[in-house]
Amino acid sequence: MTRLRARGVTVDLGGRAALDGFDLDAGAGEVVGLIGANGAGKSTALKAMARLLRRRAGEVRLDDRPIERFGARELARRLAYLPQGHQVNWPMSVERLVGLGRLPWRGPFAGPSAADAIAVADAMERADVSHFAGRAATELSGGERARAALARALAVEAEILFADEPVASLDPYHQLQVMELLRGAAGDGTLVIVVLHDLTLASRFCDRLVLLAEGRLVAEGAPSEVLAPERLAQAYGVEGFVGEHDAERFVLPWRRLARSG
C-alpha cells in the first residue's frame, strides 16, 4: 500500500527558508490539501517531495524507501506532478500533449502502445477535453489548457498525484468537476496531494488539510479543525464565515483583519 512520508523537510530559496521542518504522512486513497497564504510554502513542499527541489535538511520516503534511491523513470511512473501555470509553447495537439504523460512507460524510440492509447483516451474523457483532442494546445483558453494539463497527469496512471492549484483558472462548473475527479481518483486508490486556495473546495473534498504559514506547518487535521476561525485569522489575516448547505460545510473569507505592527 503506497505510503509517502516527509520528515523535517527544509528548503532554502533566495537565501531564506521557504519551507522549514515540514512533516507529512499520507497514504493511498487520501486527498490531502495543502493550504495557506501566498508564499506560505505549499508549492515548495510539493516540489521538494517530488524531488524537484534540493532540500537543505530532512528526508522524503516512498514506501519506506528514500526518494533519492528511485531512478528517474521509476519515480515518474509512480508519481505524477501537475504544476501550476500550464504554459504550452509548442503547437502540438491536445491528444499529443496528453500523450506525454505516457513517456515514463515507453522504451527508447518506441511509439505509443495500445495501453498508451487507452490511458490517453480515458484521461481526456475524465478531464473533459476529448472534444478538442485535435486542436493545438497553444490555441486553448487558460481553463482549457489547465484541464489538458490535468489529463496529461492522469494519463500517467501513477499511484501518487501532486496537483498544484489545479482549479485556479477554471470556471465553477469545471472547478467542481476537477475536484470530483481528484476525489474519484483517491477512491480508486491514488494518493492525491493538492494545493488549493479555495477554502470551501478544500473543506468539501479533502480528507485532511495541512495549513502552512511562512514556511512552517501551523495546523494539520480534519477540515473542520484546521479551518477554525482562529486558524484563518492566524494564517490568512481574515475573518472567515463558516456555513453549511446540504450537510456540507463552506468557508468564505469575509473580511480582512487589521495587521499588527
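In what follows, the structure referred to is the one given above.
Bear in mind the structure is a predicted one, so any value in this text is a computation, not a measurement.

Here is what the cut-offs are and how they apply
Residues numbered from 1 in each chain as written. Predicted model: local features only at pLDDT ≥ 70, side-chain atom pairs only at ≥ 80, totals over all residues. Heavy atoms only, no water. Patch = residues over 30% accessible without salt bridge, like charges linked within 9 Å, V, L, I, M, F, W, Y side chains within 5 Å. Areas by Shrake-Rupley, 256 points an atom, 1.4 Å probe, with all protein chains shown as cover. Salt bridge = Lys/Arg side-chain N within 4 Å of Asp/Glu carboxyl O. Helix = DSSP H or I, 4+ residues; strand = E, 2+ residues; numbered from the N terminus. Expected span 1.5 Å × (residues − 1). Buried < 20%, exposed > 50% of the residue type's maximum accessible area, 1.4 Å probe, protein only. Contact = heavy atoms within 4.5 Å. Phe/Tyr/Trp six-rings, centres within 6.5 Å; stacked < 30°, edge-to-face > 60°. Lys NZ or Arg CZ within 6 Å of the ring centre and 35° of its normal. Core = buried A, V, L, I, M, F, W, Y, C linked by side-chain atoms within 4.5 Å. Axes fitted to C-alpha atoms, helices over the stretch in contact; angles between N-to-C directions. Parallel < 35°, antiparallel > 145°, perpendicular 65-115°, else oblique. Nonpolar A, V, L, I, M, F, W, Y, C, P; charged D, E, K, R; others polar.

Visitor: Looking at this model, I keep getting lost on a nonpolar patch on the surface. Mind explaining?
Guide: A surface patch of nonpolar side chains, about 310 Å² in accessible area, is lined by Phe241, Leu252 and Trp254. Positionally, phenylalanine 241 belongs in strand β11 (residues 238-245).

Visitor: When you look at helix α5 (residues 142-155) in this model, what are you seeing that I'm missing?
Guide: The periodicity of an α-helix, 3.6 residues per turn, causes residues three or four places apart in sequence to face the same way. The terminal C-alpha atoms of α5 lie 20 Å apart, and with 14 residues this matches the ideal 20 Å at 1.5 Å per residue to within 8%. Summarising burial for α5: twelve of the 14 residues are buried, a large majority. Regarding α5, the residues found buried are Gly143, Glu144, Arg145, Ala146, Arg147, Ala148, Ala149, Leu150, Ala151, Ala153, Leu154 and Ala155. On its buried face, α5 is in contact with β6 (79-82), α3 (94-99), α4 (114-126), β7 (160-164) and α6 (172-187).

Visitor: When you look at the packing of aromatic side chains in this model, what are you seeing that I'm missing?
Guide: In this description, an aromatic ring pair is defined by two values, namely the gap between the centres and the angle between the planes. Going through the model one piece at a time under the given rule, you end up with two aromatic pairs. Taking the centre distance of 5.3 Å and the plane angle of 40° together, the rings of phenylalanine 241 and tryptophan 254 count as tilted. A residue pair is termed long-range when its members are at least 10 positions apart, and phenylalanine 241 in strand β11 and tryptophan 254 in strand β12 (residues 248-256) qualify at 13 residues. Three or more aromatic residues link up through ring pairs in this structure, and these residues are Phe241, Phe250 and Trp254. The side chain of arginine 135 reaches across the aromatic face of phenylalanine 132, ending 5.4 Å from its centre.

Visitor: Would you mind showing me how to read the nonpolar core here?
Guide: Nonpolar side chains tend to gather and get buried jointly when the protein is soluble and globular. The biggest cluster of nonpolar side chains holds 57 residues, and the ones touching the most others in it are Ile35, Val94, Val98, Leu182, Val194, Leu211 and Tyr236. It is α5 that contributes the most residues to this core, eight residues altogether. If we skip the residues at most four places from it in the chain, leucine 182 touches Val31, Leu150, Leu161, Pro166, Val192 and Val194. By size, the runner-up hydrophobic cluster in this structure holds 29 residues, among which are Ala45, Ala50, Leu191 and Ile193.

Visitor: Help me understand the packing of α5 against α6, please; the structure alone is not making it clear to me.
Guide: The relative placement of two packed helices is expressed as an angle between their axes plus a distance between the axes. Running from N to C, α5 and α6 point in directions that differ by 10°, and their axes come no closer than 12 Å. For the element pair α5 / α6, the angle class is roughly parallel. Residues Arg147, Leu150 and Leu154 of α5 form the contact with α6, whose own contacting residues are His174, Val178, Leu181 and Leu182. Of the residues assigned to the contact of α5 with α6, the class counts are five nonpolar, one polar and one charged.

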